[in-house]
Each structure stands twice: as structure tokens, then as C-alpha cells.
Amino acid sequence: MNPDEHKMPTLLCIAAMLSVFSLDAYGAEAQAPAKPKIAIFSGPTATIQNNEPFVTSIKAREKYGLPGLIDAHGHEANVDVLRPQRLAAPVKVYVEQFSAHPLERDVAELYGPPDGYLDTSGAFSKERRSPEDKAVYEVELKPEDGLYPLPYMARQVDGSAWDSNATKPGAPFAKSRQTFYPDASRIFEEIEREGANLQALASFDFYRAAPSGGYTKGLKAAQRTDVGSGDIAPEKPGVDFFQYGAYGTSPTRAALAKATNVVQSAMGSGDYAGGIWFEGSPNIEDSAYWMNLLIDTPQPLVFNAAQRTRGKISPDGDANIINSVEYIVSDVWKDAQGHNQLGAIAIQDDVLYTAREVTKGDARPGGYVPTGGFGGYLGDTDPLTVAYVPNRLHTYRSEVRSTLIPAKVKGIQRNPRGGVKVIDVALKNAKGELLPTAIPNVVIVKGSRWSIVDESRKADAAVDVLAQIDQALDGEPLSGIAAEGNQGGSFVPAYDAAFALAAASGIPVVKVSRGPTIGYLASNPDNLFIEGSNLSSTKARMLLMACLMRFGALPAAADPYKPTEAELKAIKARIAEYQRVFDTH
């Protein structure tokens, strides 16, 4: 008997154990730690999800005998812009050696041999046959490889070239192509091919919360790239999707209610390590602060915009997306309990901004600024650093988060017999989702001097405020006013009288300083207004909308022109609830 035979069972056991360990740690699906998953939300009028118009390429024009391509400067173009597209079949191409960089040939001795050579007729051989033969690499491109940049060969139905989105200048929407993506999945595929390597960091689900592009003919369920079930019915601009440009539409309050539900449902599911929202740069500050107030989640929310459309040189949106994914999968946003300590933030041009303070200051990359005069910059992405932690309530700690909003609140309505009456306003359905009619109507009123109303002390002189009161009483039971005055929120007496009339009618008024806001407004329990801290009027508007949903309208006086002492006391008590939120959010 071999003296080592008695060791075999032990060795086999050890080998088996190592085999099991190897499979558990490195085999199939059980071996690698699960990647975090991130929810990507498409918002309205989003340049970050927009493309330059796809125009018919020079190659197509030459092939079909079409007029030359004229560039933006009125010159005939001689170089095609390449667009990411899919191959329909495998194709073999030959790439000239040392053509990737001008200085590759300078160190030719460091390179291995080419795959072969092309002669002057284009014939390939493994060996050089003539000094004129060109050294090449042989590459087979396959459809499953993904997108490749190629000339755009499409033409219009009549055989003419595409020179813009529309079939001709001034064509209606039905005769034009959309440039906005319906969701962000294609963007992630494109930037992955450009070297983003995001799939190594996380996996992604795509949500059409309030998208910029839509399926006007509908879409079969099997073709969907977003999270959702069933077919997508034909969609209408201004109802289902919201774009800018010649066919621009504005997102509605109903769309905001739907988007809030989508984000809350996703982030409340526990499936995601974080979420990223895409929107147009002029208004992303509104949505960022809104979600910062409403979404009940301990996970990070990041907001991205762009100044340059896709297809332009150096699209800034791609870098913002990459930075946002890296931020979410990092630990920099976590507190000691692993919860998000920064609230919703915007990441623009390598800078981390708080959602509360970020504002678009100029239409250029790097054009974002913080308002309020105290902070707003959280840190930087290179290296990823958080320098400051905001001292404001947000997301899962917010007192106006969506999970605290009641199913109904009290609103106001004109009493046919005179004065104002109180009515119930439904905000949520049986599932706890916001109704399309839930979002309050809050307008911004801006003060000025050197006007004809400066001398008046009567509310009747402030006709714009009176019009807002009438609109509220005639069909907007949850209404408010964000009043942007001079420094300190001051207005001329006629406007203060009109604002007091609004408050006595059940319509809360928040006062803020003229932008750019610097300094805090101290609360004053003796007046009928909310003081808006150091918020801008746009941010104060969003917070007032949230407060109306949380607390309802102010208790209206029977005769708003002559409120009693008891009515004034009740109004001030409700304003104090609002004020507490404005002081802490």
C-alpha cells in the first residue's frame, strides 16, 4: 500500500471544500457582491437628454446625388459628423497602423506587427509585397458589439436630405422628428461605449417620470426600455412629455404630481442605492428642492442638467452623469448610521450644490451659483470630497415629505352668499399617491418702486394680487403667494394691504428678499405673513406648495376685509406652523 494513500480522503475533502469556496466566491451569480442599483428619472425639457439634429451625411448626399451639406456658417461641409448607430450585420474593416495618434509612429519600435498589409488596389495580404503597401489591423465589427459612430445615411420620404429636425422650415410638430430621448437608457449605452465604465459601478433602471420625449404612436410592452408594464399608449406633447424649442410645451402641476409619485415609489421600494433626475437647466433648481422636501428616502438623490446637447463637442451632461453615479456608490453622503446627510443635491461641472441653494446663474457650463449668501457649495468631485454638511431638514427628515401629507386638507372657496367658505380638498388616492389635482397654485409677485401705487395704502391698488385672490376663490382652493420684495422683503403699503387681505382669505403669503438673496428674514409673529428665511422666491414657492399640502389653507375670515380678533389669532396660529417649516427646511 502506498504510504500516502491514507492521506487521500483528507486531501479530497480539502479539495472539495476549496472547490465549493471557489464557486461561492468566484463562480456564476453567487460569487461577486451584488452591484448597487440606481434609479434614473427623466424629467422635462432636459438638454442633458437632447441631441443635435441628425442631418443627412455627406456620404449619403454623394450616394444619392443630393445637394451638399451646408454648415452653420454657410459653408459646404467636407467632413461628416458621426452618429452612434447599430450594425445590421458583421463587417470586416482595416485600420491603418499608427493612425490613432500622431506620435504612435515616433515609438514604432515598441509596437507589435500589424495583422497584414493592403496594396494600392485594396487587396489584403499577411505579408508586405511592395513598399507602397499599407500596414493595417484587421477588425471584425459585429452587431452585438453595440453602437458604432457612423455617417447618418437617412433621407426624407421624398428622397430629399434632412437638413434639420423638420421636413421643411416652419413645419408642424407632426412633420418633425424629436431630438429628445424618451428615457435615459440610450444615453447610458452611448457613454458606456465612450469609456464611462458605469456598468462596473452599478446597474440602472430607467423611469419616465416627466420625460422630454414621447412615443406619439405608442410602444409595445416588449420594446420598452423603461420600468413599467404593458403597452405605452400614444402620447401627446404637453400632456405625456415636455420639450422645448419650436414645439415647446410646459410641464403641468399634474405632471409634477405624477413625477413625485414615480420618484417616491421607486425610492421607497428599498431597491435603489440612490436616484438621479435629469431636467432642463433653467428649472432643475425648482425640481431639486421639491424632491428634497417631498421624497421620503434615506438614500441620495442627485440632479443633473446640461448646457450642451448631445452631439456637440464636449457635452457637459455626460461628465455630470458619471460624477453622479460615482457619488452615489461612494460613502461621502453617509452619516454615522449610513443615511443621507446631505439631502438632494445637484452635481454640475464637478461641483456639489445643495438643492436648497443651487440656482442657474448663467447659460453656460459652470454657470450655477448658490443663493442665500451662506453656503450652498458642498464639495467637489475631483477628488470626491464633502466639505460642508447642511443644517436643514430634508428627504426622510422633512416635515413636508410625501408620506406625511394627509389624504385631504382644508381649502378655501368663494361663498356665493359673500365671503369665503372652507371646503375639503382631496390630495391622495386610496394607494397613497398624489392626485393630479393635488399640487397647489402658488404664484410669484415681485415688488418694485417708482410706481403709481406707491402712495396708496389700499389693497385695491394691487390689482395683480387681487386677481390672484379671485382666481384662488374661483377654483384654486389651495393657493399661495411668494412675494419677492426689496431687501428684508419690504413692499409698498398697498401691496402689504393686499397680502394681508390674501392671508385673511385663506391664502398664505411668504415674503423673501430680492435676488440674489443674501441674509435672513427674521420671523414676525405680529404680522400675517411667513418670512422666507434666505430663500429665493423660486425656492420659497416650492416650500409653500409643500406646506399647503401638509397643513392646508389658512383659516379664512368670514369677511376678509374685516377679520375679527379671534379670526386673526387663528390665522397667526396656522402661519406659525408654516413658519416653523420655513425656519428649518
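Residues numbered from 1 in each chain as written. Predicted model: local features only at pLDDT ≥ 70, side-chain atom pairs only at ≥ 80, totals over all residues. Heavy atoms only, no water.

Caption draft 1: A look at the overall build of the chain. Assigned secondary structure in the chain consists of ten helices and 22 strands. C-alpha extents for the chain along the principal axes are approximately 105 × 85 × 45 Å. Out of the 585 residues belonging to the chain, those deemed buried represent 46%. Nonlocal contacts in the chain, meaning residues at least 24 apart in sequence, comprise 70% of its contacts between residues at least 6 apart. Counting only carbon and sulfur atoms, one obtains 55% of the accessible surface of the chain, whose full area is about 29,000 Å². Within the chain, the 69 negative side-chain charges are centred at a point lying 7 Å from the centre of the 59 positive side-chain charges. (Helix = DSSP H or I, 4+ residues; strand = E, 2+ residues; numbered from the N terminus. Buried < 20%, exposed > 50% of the residue type's maximum accessible area, 1.4 Å probe, protein only. Contact = heavy atoms within 4.5 Å. Areas by Shrake-Rupley, 256 points an atom, 1.4 Å probe, with all protein chains shown as cover. Lys, Arg positive; Asp, Glu negative; His and termini not counted. Charge placed at Lys NZ, Arg CZ, Asp CG, Glu CD.)

Caption draft 2: Structural view of the pattern of salt bridges. Counting across every chain of the model gives 23 salt bridges. Residues Glu-190 and Arg-310 are paired through a salt bridge, measuring 2.9 Å at the closest nitrogen-oxygen approach. You can see Glu-190 sitting in helix H3 (residues 185–193) and its partner Arg-310 sitting in the loop between strand E10 (301–304) and helix H6 (316–328), a full 120 residues away along the chain. Glu-190 sits in the buried class, given a relative accessible area of 7%. Taking the relative accessible area as the measure of exposure, Arg-310 reaches 4% and is therefore buried. The partner of Asp-496 in a salt bridge is Lys-511, with the nearest N and O atoms 2.5 Å apart. Placement of the pair is Asp-496 in helix H8 (residues 493–504) and Lys-511 in strand E21 (residues 509–512), with a sequence separation of 15 residues. According to the relative accessible area criterion, Lys-511 is buried, its value standing at 7%. In this structure, a network of salt bridges that share partners links the residues Arg-186, Glu-190, Arg-310 and Asp-318. (Salt bridge = Lys/Arg side-chain N within 4 Å of Asp/Glu carboxyl O.)

Caption draft 3: Molecular detail of unusual backbone geometry. Look at the link from Asp-382 to Pro-383: it is a cis peptide, with omega at -5 degrees. If you trace the backbone, Pro-383 turns up in the loop between strand E15 (377–381) and strand E16 (384–386). Phi is positive for Asp-349, which is not a glycine, with a value near 55 degrees. Judged by relative accessible area, which is 24%, Asp-349 ranks as partly exposed.

Caption draft 4: Summary view of the sheet that holds strand E22 (residues 530–531). Strand order in this open sheet of four strands is E19-E20-E21-E22, and the pairing throughout is parallel. Both outer strands of the open sheet, strand E19 (441–446) and E22, are each paired with one neighbouring strand and no more. Taken strand by strand, helix H7 (residues 463–473) contacts E19 and strand E20 (479–484), and its axis lies near 175 degrees from that of E19. (Pairing = 2+ DSSP bridges. Axes fitted to C-alpha atoms, helices over the stretch in contact; angles between N-to-C directions.)

Caption draft 5: Structural detail: the nonpolar core. Counting residues in hydrophobic clusters, the biggest one holds 95 residues, and the most contacted among them are Trp-290, Ile-481 and Phe-499. Ala-46, Ala-202, Trp-333 and Ile-347 belong to the second-largest nonpolar core, a separate cluster that totals 29 residues. (Core = buried A, V, L, I, M, F, W, Y, C linked by side-chain atoms within 4.5 Å.)

Caption draft 6: Representation of H7 within the structure. For H7, every residue scored as buried is listed here: Val-465, Leu-466, Ile-469, Ala-472 and Leu-473. Across the axial projection of H7, the buried residues extend over an arc of 120 degrees, all falling on one side. The elements touched by buried residues of H7 are strand E17 (408–414), strand E18 (420–426), E19, E20 and H8. (Arc of directions from axis to C-beta.)

Caption draft 7: The sheet that holds strand E5 (residues 124–125), seen in detail. Taken together, the four strands give an open sheet; going across it, the order is E3-E6-E4-E5, and neighbouring strands pair in antiparallel fashion. One side of each edge strand has no neighbouring strand; the edge strands of this open sheet are strand E3 (91–96) and E5. Sheet topology places strand E4 (residues 116–118) next to E5; two bridges connect them, and they run antiparallel. By the bridge assignment, Tyr-117 is partnered in E5 with Ser-125.

Caption draft 8: Summary view of the packing of aromatic side chains. A full pass over the atoms with the stated rule returns 19 aromatic pairs. For the pair Tyr-353 and Tyr-377, a centre-to-centre distance of 5.4 Å together with 45 degrees between the ring planes defines the contact as tilted. With Tyr-353 in strand E12 (residues 351–354) and Tyr-377 in strand E15, the pair connects residues that are 24 residues apart, well separated along the chain. Judged by relative accessible area, Tyr-353 falls into the buried class, the value being 4%. Each residue in the set Phe-491, Tyr-495, Phe-499 and Phe-529 is aromatic and connected to the rest through ring pairs, giving one cluster. Sitting over the face of the ring of Trp-162, Arg-177 holds its NZ or CZ atom 3.9 Å from the ring centroid. (Phe/Tyr/Trp six-rings, centres within 6.5 Å; stacked < 30°, edge-to-face > 60°. Lys NZ or Arg CZ within 6 Å of the ring centre and 35° of its normal.)

Caption draft 9: Examining the side chain of Thr-517 more closely. Relative to the assigned elements, Thr-517 resides in the loop between E21 and E22. Classification of Thr-517 by relative accessible area gives buried; the value is 4%. The residues contacting Thr-517, other than those within four sequence positions of it, are Thr-371, Gly-372, Gly-373, Asn-534, Leu-535 and Ser-536.

Caption draft 10: Region of interest: the pairing of E12. Side-chain alternation along E12 places Val-351 and Tyr-353 on one buried face and Leu-352 and Thr-354 on a second face that is also buried. One ladder, built from four bridges, connects strand E11 (residues 345–348) with E12; its direction is antiparallel. Residue Gln-348 lies in a different strand from E12, and its bridge partner there is Val-351. With antiparallel pairing between neighbouring strands as the criterion, E11 and E12 make up a hairpin whose turn holds two residues, including Asp-349 at a positive phi of roughly 55 degrees. Bridge analysis of E12 against E15 gives three bridges, and the strand direction is antiparallel. By the bridge assignment, Tyr-353 is partnered in E15 with Tyr-377.

Caption draft 11: Here's a closer look at the side chain of Asn-441. If you trace the backbone, Asn-441 turns up in strand E19. You can call Asn-441 buried: its relative accessible area is 12%. Once residues within four sequence positions are removed from consideration, Asn-441 is found in contact with Arg-253, Gln-468, Gln-471, Glu-476, Leu-478, Ser-479 and Gly-480.

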